[in-house]
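Coordinate analysis (summary)
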Amino acid sequence: MRVKLGTVAASALALALAGCNDQAASNGAGSRDQIRVVGSSTVYPFTTLVAEQFRTQNATFKAPVVEQGGTGAGAKLFCEGVGAAHPDILDASRRLTASEYKSCSDNNVNRIMEVQIGLDGITLAESTNGPKLQLVPADIYMALAANPKGQPNASKTWKDVNPTLPAIPIQVYGPPSTSGTRDAFAEILMERGCLAIYPDSLKMREKEPAKFKKLCHEIRSDGAWVDAGENDNLIVQKLRSNSNAVGVFGYSYLEQNPTTLVGVPIGGVLPSYETIASGRYPGSRPLFIYVKKAHLDAVPGLRKFVELYATMWDPNGPLTKRGLIPASAETRAAAKKIVEDGTTMDGTTLN
């Protein structure tokens, strides 16, 4: 049975979302009669497909507005408040952090539905004319950490990192610090490489988390890692023109460019639908949408939009054909129940 908004809360929000005057000039929102989504460039192609299907099936509603600017930047917008001035949905290529959740709560965004839409792989890729790198997480860490072994990173070539690798410059195109993909890259691949080199740092992660993040997550800023913006297609273009470079993005962008790009094996495992779904690929990660429950029945079509999302992420569904890796049957069932019941998160398991 679905949870409905209370009459008083619904009425108050309806007033906020359907004001008579356009307040844009004074940073207000005026009325809003279309869904607004912000956040991850990785989740963006999946949400835009849902938006296209929503518009096809519901011609009486306006087309949803879907913006990509990174998970971190999107979370900031999402958490700024409730009402017409603020987005309804956050696309996220990682979970909300504890600090982001607190920011939401501080701004009365305190009923949030966390819905896992599927899986993705943080993919390292190169041109089909590239050097055919084969890496392990320790190589990735030593190549890109700001201060491996406590000293500024002086490695110039992949051979400096590992003598079995080619003597070509380390040049990695990746997303900026506002990106959930970059956060996940650091938390999953960089951290795994760091722990392989410094096993004792596991204790540091528990007792001195800030020091641990500086050691294991901080990416060098001397030009080896090149921020390529939030548009992952731009990284794809750069790899086509620079055969020695490596790119970091979600698996769907690799799948969409099979004639020009190849995945870089990590620990001997290539990124693929099967290896990501099974968890064998070291860069596997969950993808999410976050929905303001307070907006569900106040923004025209929002409930229908979220319900439609839940019909499209199954194996052989439209989203998997665009590159989304379906989650397990149990995870999909749990996510659908969250959508059906309007279940909200409590934030206690966030880091």
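On a predicted model such as this, the values are computed, not experimentally measured, just so you know. (Residues numbered from 1 in each chain as written. Predicted model: local features only at pLDDT ≥ 70, side-chain atom pairs only at ≥ 80, totals over all residues. Heavy atoms only, no water.)

**Notes on the state of the cysteines**
- All told, the structure shown has two disulfides when counted by the stated rule.
- For Cys79, the disulfide goes to Cys104, at an S-S distance of 1.9 Å. Measuring handedness by torsion sign, the sulfur bridge of Cys79 and Cys104 sits at about -70° and is left-handed. Taken together, the residues Cys79 in the loop between helix H3 (71-78) and strand E3 (89-92) and Cys104 in helix H4 (residues 98-106) connect sequence positions 25 residues apart. The residues Cys79 and Cys104 share a single accessibility class, namely buried.
- Disulfide partner of Cys194: Cys216, at an S-S distance of 2.0 Å. The chirality of the disulfide connecting Cys194 with Cys216 is left-handed, given an S-S dihedral of about -50°. Here Cys216 lies in helix H9 (residues 209-216) and Cys194 lies in helix H7 (residues 180-197), a separation of 22 residues in the sequence. Here Cys194 matches Cys216 in class, with each residue buried.
- For the chain, numbering the cysteines in disulfides from first to last along the sequence yields the connectivity 1-2, 3-4. (Disulfide = S-S within 2.5 Å. Helix = DSSP H or I, 4+ residues; strand = E, 2+ residues; numbered from the N terminus. Buried < 20%, exposed > 50% of the residue type's maximum accessible area, 1.4 Å probe, protein only.)

**Quick word on the nonpolar core**
- Residues Leu124, Ile140, Leu144, Trp158, Phe185, Met190 and Phe249 are the most contacted members of the largest nonpolar core, which totals 52 residues.
- Looking at this core element by element, the count peaks at seven residues for H7.
- With residues up to four places along the chain from it excluded, the contact list for Phe249 reads Gly121, Ile122, Thr123, Ala125, Thr181, Asp232, Ile235, Val236, Leu239, Leu254 and Leu261.
- One finds Val43, Val115, Ile289 and Leu324 within the second-largest nonpolar core, a separate group that totals 30 residues. (Core = buried A, V, L, I, M, F, W, Y, C linked by side-chain atoms within 4.5 Å. Contact = heavy atoms within 4.5 Å.)

**Side note on the packing of aromatic side chains**
- Following the criterion strictly, the structure yields eight aromatic pairs and no others.
- Plain terms: the ring middles of Phe249 and Tyr253 are 6.2 Å apart, the flat faces sit at 50° to each other, and that makes the pair tilted. An identical accessibility class is assigned to Phe249 and Tyr253; each is buried.
- Pairwise contacts between aromatic rings join Phe54, Phe61, Phe305, Tyr309 and Trp313 into one cluster.
- Just above the ring of Phe78 sits the side chain of Lys292; from NZ or CZ to the centre is 4.8 Å. (Phe/Tyr/Trp six-rings, centres within 6.5 Å; stacked < 30°, edge-to-face > 60°. Lys NZ or Arg CZ within 6 Å of the ring centre and 35° of its normal.)

**Digging into the environment of Ala145**
- When you line up the elements, Ala145 lands in the loop between helix H5 (137-144) and helix H6 (158-161).
- Residue class for Ala145 comes out buried when judged on its relative accessible area of 0%.
- Sequence separation between Ala145 and Glu100 is 45 residues, and the spatial gap between their C-alpha atoms is 25 Å.
- In this structure Ala145 touches Asn153, Met190, Glu218 and Arg220, once residues within four positions along its chain are discounted.

**Considering the pairing of strand E9 (residues 284-292)**
- Counting buried positions along E9 gives seven out of nine residues, so the element sits mostly inside the fold.
- Examined bridge by bridge, E3 and E9 share four bridges and lie antiparallel to one another. Residue pairing across strands places Asp91 opposite Ile289, the latter belonging to E9.
- Sheet topology places strand E4 (residues 112-127) next to E9; nine bridges connect them, and they run antiparallel. By the bridge assignment for E9, Gly121 is matched with Ser284. (Pairing = 2+ DSSP bridges.)

**A closer look at the packing of H7 against H9**
- For the pair H7 and H9, the least separation of the axes is 9 Å and the interaxial angle reads 95°. By the angle between their axes, H7 is roughly perpendicular relative to H9. Residues Met190, Glu191, Cys194 and Leu195 of H7 touch H9, and the partners they reach there are Phe212, Leu215 and Cys216.
- Partitioning the contact of H7 with H9 into residue classes produces six nonpolar, no polar and one charged. (Axes fitted to C-alpha atoms, helices over the stretch in contact; angles between N-to-C directions. Parallel < 35°, antiparallel > 145°, perpendicular 65-115°, else oblique. Nonpolar A, V, L, I, M, F, W, Y, C, P; charged D, E, K, R; others polar.)

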